[in-house]
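# A structural walkthrough
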Amino acid sequence: YSSHVFNYLVRILSDIPAAEDVLQETFVAVWRGASHFQGRSKIKTWIFKIAHHQAVNWLRKKKNTTSLEMVDETGWDDNPETAALKRSASREIEKAISRLSRKHRAVIELSFVQDLSYGEIAEVLACPVGTVKSRMSYALKYLSSYLDEVSTA
């Protein structure tokens, strides 16, 4: 799970060296807490919950503002025009997501990138499923509104 957790941490922390450190702290915590894992959730959910808490602790210590960076998914097979359009769209999406609060970015990341269910996201974030749904609804409405605004400008 390290590559998935690392990608999540990079997006939440916006700092690769910090993500590497927090990833290491996460897996040390996983190792230390392995005997306490009770199997009530998936291992993946449990590890992401630990990673999320480690990231929040790091952010509290550093008092950073964060932005979620979208990975440029431009493939080698794309023609230059398609590649340029994808990069432009990716930048606009990144800009829109960076305007969301950390809590809203986390819900977007865990759902769309890490493919967790609302129940699993609720467990990772230690909040009710209704809160996850509310945050997702807000985030999607904001992203849709922002991207509509950009496309008509």
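Look a little higher up for the structure.
Conventions and cut-offs
Residues numbered from 1 in each chain as written. Predicted model: local features only at pLDDT ≥ 70, side-chain atom pairs only at ≥ 80, totals over all residues. Heavy atoms only, no water. Helix = DSSP H or I, 4+ residues; strand = E, 2+ residues; numbered from the N terminus. Buried < 20%, exposed > 50% of the residue type's maximum accessible area, 1.4 Å probe, protein only. Contact = heavy atoms within 4.5 Å. Core = buried A, V, L, I, M, F, W, Y, C linked by side-chain atoms within 4.5 Å. Phe/Tyr/Trp six-rings, centres within 6.5 Å; stacked < 30°, edge-to-face > 60°. Expected span 1.5 Å × (residues − 1). Axes fitted to C-alpha atoms, helices over the stretch in contact; angles between N-to-C directions. Parallel < 35°, antiparallel > 145°, perpendicular 65-115°, else oblique. Left-handed = near helix turned anticlockwise from the far one by under 90°. 1 Å grid on protein atoms, 1.4 Å probe; cavity = no way out; pocket = protein on both sides within 12 Å on 5 of 7 lines; lining within 4 Å. Points joined across faces, edges and corners; volume = space filled by probe spheres on them. Patch = residues over 30% accessible without salt bridge, like charges linked within 9 Å, V, L, I, M, F, W, Y side chains within 5 Å. Areas by Shrake-Rupley, 256 points an atom, 1.4 Å probe, with all protein chains shown as cover. Salt bridge = Lys/Arg side-chain N within 4 Å of Asp/Glu carboxyl O.

For the rest of this paragraph, the subject is the overall build of the chain. Check the secondary structure of the chain and you find seven helices and zero strands. Starting at the N terminus and ending at the C terminus, the chain contains elements arranged as α-α-α-α-α-α-α. A buried classification covers 37% of the 153 residues belonging to the chain. Sequence separation of 24 or more characterises 64% of the internal contacts of the chain that already satisfy a separation of 6 or more.

Attention shifts here to the nonpolar core. The biggest cluster of nonpolar side chains holds 37 residues, and the ones touching the most others in it are Leu9, Leu13, Leu110 and Leu125. Mapped onto this core, the elements with two or more residues apiece are helix H1 (2-13), helix H2 (16-33), helix H3 (43-62), helix H4 (80-98), helix H5 (102-113), helix H6 (118-125) and helix H7 (129-152). Among all residues touching Leu125, those that are not within four sequence positions of it are His52, Ala106, Val107, Leu110 and Arg135.

Once that is clear, we can look at the packing of aromatic side chains. Using the criterion set out here, one finds three aromatic pairs in the structure. Ring plane angle 75 degrees and centroid distance 5.6 Å describe the contact between Tyr8 and Phe48, whose orientation is recorded as edge-to-face. Residue Tyr8 is found in helix H1, and its partner Phe48 is found in helix H3; the two are separated by 40 residues along the sequence. The exposure class assigned to Phe48 is buried, which follows from its relative accessible area of 0%. Ring geometry for Phe37 and Trp46: centres 4.9 Å apart, planes at 50 degrees, overall tilted. We classify Phe37 as partly exposed; its relative accessible area is 24%.

The next thing to look at is H1. Compared with the 16 Å implied by 1.5 Å per residue over 12 residues, the 16 Å span of H1 between its first and last C-alpha is a close match. Regarding H1, the residues found buried are Val5, Tyr8, Leu9, Val10, Arg11, Ile12 and Leu13. On its buried face, H1 is in contact with H2, H3 and H5. A positive phi of about 55 degrees marks Ser14, the residue just after H1.

Below, the discussion takes up the packing of H1 against H5. The geometry of H1 relative to H5 is characterised by a closest axis approach of 10 Å and an angle of 150 degrees between their N-to-C directions. Taken together, the axes of H1 and H5 lie roughly antiparallel to each other. Between H1 and H5 lies a crossing whose hand is right-handed. Between H1 and H5, the residues in contact are Asn7, Tyr8, Arg11 and Ile12 and Ala106, Glu109, Leu110 and Val113, respectively.

Turning next to the layout of surface pockets. A volume near 170 Å³ is recorded for the second largest pocket. As for the second largest pocket, its lining consists of His52, His53, Val56, Asn57, Arg60, Arg102, Lys103, Leu125 and Arg135. Every element with two or more residues in the lining of the second largest pocket is listed here: H3 and H5.

What follows concerns a nonpolar patch on the surface. Residues Phe112, Val113 and Leu140 make up a contiguous nonpolar surface patch of about 270 Å² in total accessible area. Tracing the sequence through the fold places Phe112 in helix H5.

As for its placement among the helices and strands, Ser2 is situated in helix H1. Put simply, Ser2 and Thr26 are 24 residues apart on the chain and 9.5 Å apart in space, counted from C-alpha to C-alpha. The residues contacting Ser2, other than those within four sequence positions of it, are Leu23 and Phe27.

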